Amino acid sequence: LVEAVCPRHLFEDINRAPRVVESADAFIRELLLGDHLDDVVVLPRGVELLGLSEPQALPSWFPPALDGAPTVLEFLRRLDRPTLETHKAALEYIDDWGMQREALPR
């Protein structure tokens, strides 16, 4: 599952690999007590394991923009201007040479 959202070479790099936890308790403990600044913590089936529904976990504009979007860039292109203007974020990625890059929505 994690391989679907994280390139394999990063997943295998212990310094950049997401931290995968197996239970809701472990996820909550990691968020509250763990050293996870600038790290990714993944709880597979997290919405379900935390007893949430999709509407509770995601803002209403998110699922329609995500549905069928083949790339992050396409997802961003589907967002309307008011949505983009109410959120500040940077989109970062690791290129083929292991360098961190930033891409901004246009």
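All figures in this text were calculated on a predicted structure; none of them were measured in a lab.

A. Summary view of the environment of Ala-103. Among the secondary structure elements, Ala-103 is positioned in strand β4 (residues 100–103). Residues Ala-103 and Ala-90, 13 residues apart in the sequence, show an inter-C-alpha distance of 7.1 Å. Not counting residues up to four positions away in its chain, the partners in contact with Ala-103 are Leu-91 and Tyr-93.

B. Fine view of the confidence of the model for the protein. Taken as a whole, the protein shows an average pLDDT of 82; of its residues, 82% reach a score of 70 or greater. Of all helices and strands in the protein, the one with the weakest mean pLDDT is helix α1 (residues 8–12) (62), whereas helix α3 (residues 46–49) scores best (94).

C. Up close: the packing of aromatic side chains. If you walk through the whole model with that rule in mind, you get two aromatic pairs. With centroids separated by 5.6 Å and ring planes inclined at 55°, the aromatic side chains of Trp-61 and Phe-62 adopt a geometry described as tilted. Connected via pairs of aromatic rings, a cluster forms that spans Trp-61, Phe-62 and Phe-75.

D. View of the side chain of Thr-83. Following the sequence through the fold, Thr-83 ends up in helix α7 (residues 81–85). Residue class for Thr-83 comes out buried when judged on its relative accessible area of 13%. Engagement of the side chain of Thr-83 in a polar contact is seen with the side chain of Asp-80, the distance being 2.6 Å.

E. The pairing of β4, seen in detail. Sheet analysis places strand β3 (residues 91–94) next to β4, joined by four bridges and oriented antiparallel. The residue bridging Tyr-93 from the neighbouring strand is Arg-101, located in β4. Between β3 and β4, which pair antiparallel and follow one another directly, the connecting turn spans five residues, one of which, Gly-98, has a positive phi of 80°.

F. Main features of a nonpolar patch on the surface. Taken together, the side chains of Ile-28, Leu-31, Leu-32, Leu-33, Val-47, Leu-50 and Leu-52 define a hydrophobic patch exposed on the protein surface, amounting to about 640 Å² of accessible area. Of all the elements, helix α2 (residues 24–33) adds the most residues to the nonpolar patch, at four residues. Relative to the assigned elements, Leu-50 resides in the loop between α3 and α4 (54–57). The exposure class of Leu-50 is partly exposed, given its relative accessible area of 31%.

G. Layout of the pattern of salt bridges. Taken as a whole, this structure holds four salt bridges when the rule is applied. For the salt bridge of Arg-45 with Glu-48, the shortest nitrogen-to-oxygen distance reads 3.5 Å. Like Arg-45, the residue Glu-48 is exposed in the burial classification. With its nearest N and O atoms 3.3 Å apart, the salt bridge here joins Glu-74 to Arg-78. On the accessibility criterion, Arg-78 (34% relative accessible area) is partly exposed.

Analysis parameters
Residues numbered from 1 in each chain as written. Predicted model: local features only at pLDDT ≥ 70, side-chain atom pairs only at ≥ 80, totals over all residues. Heavy atoms only, no water. Helix = DSSP H or I, 4+ residues; strand = E, 2+ residues; numbered from the N terminus. Contact = heavy atoms within 4.5 Å. pLDDT = per-residue confidence, 0-100. Phe/Tyr/Trp six-rings, centres within 6.5 Å; stacked < 30°, edge-to-face > 60°. Buried < 20%, exposed > 50% of the residue type's maximum accessible area, 1.4 Å probe, protein only. Polar contact = N/O pair within 3.5 Å; in protein donor to acceptor, adjacent residues only side chain to side chain. Pairing = 2+ DSSP bridges. Patch = residues over 30% accessible without salt bridge, like charges linked within 9 Å, V, L, I, M, F, W, Y side chains within 5 Å. Areas by Shrake-Rupley, 256 points an atom, 1.4 Å probe, with all protein chains shown as cover. Salt bridge = Lys/Arg side-chain N within 4 Å of Asp/Glu carboxyl O.

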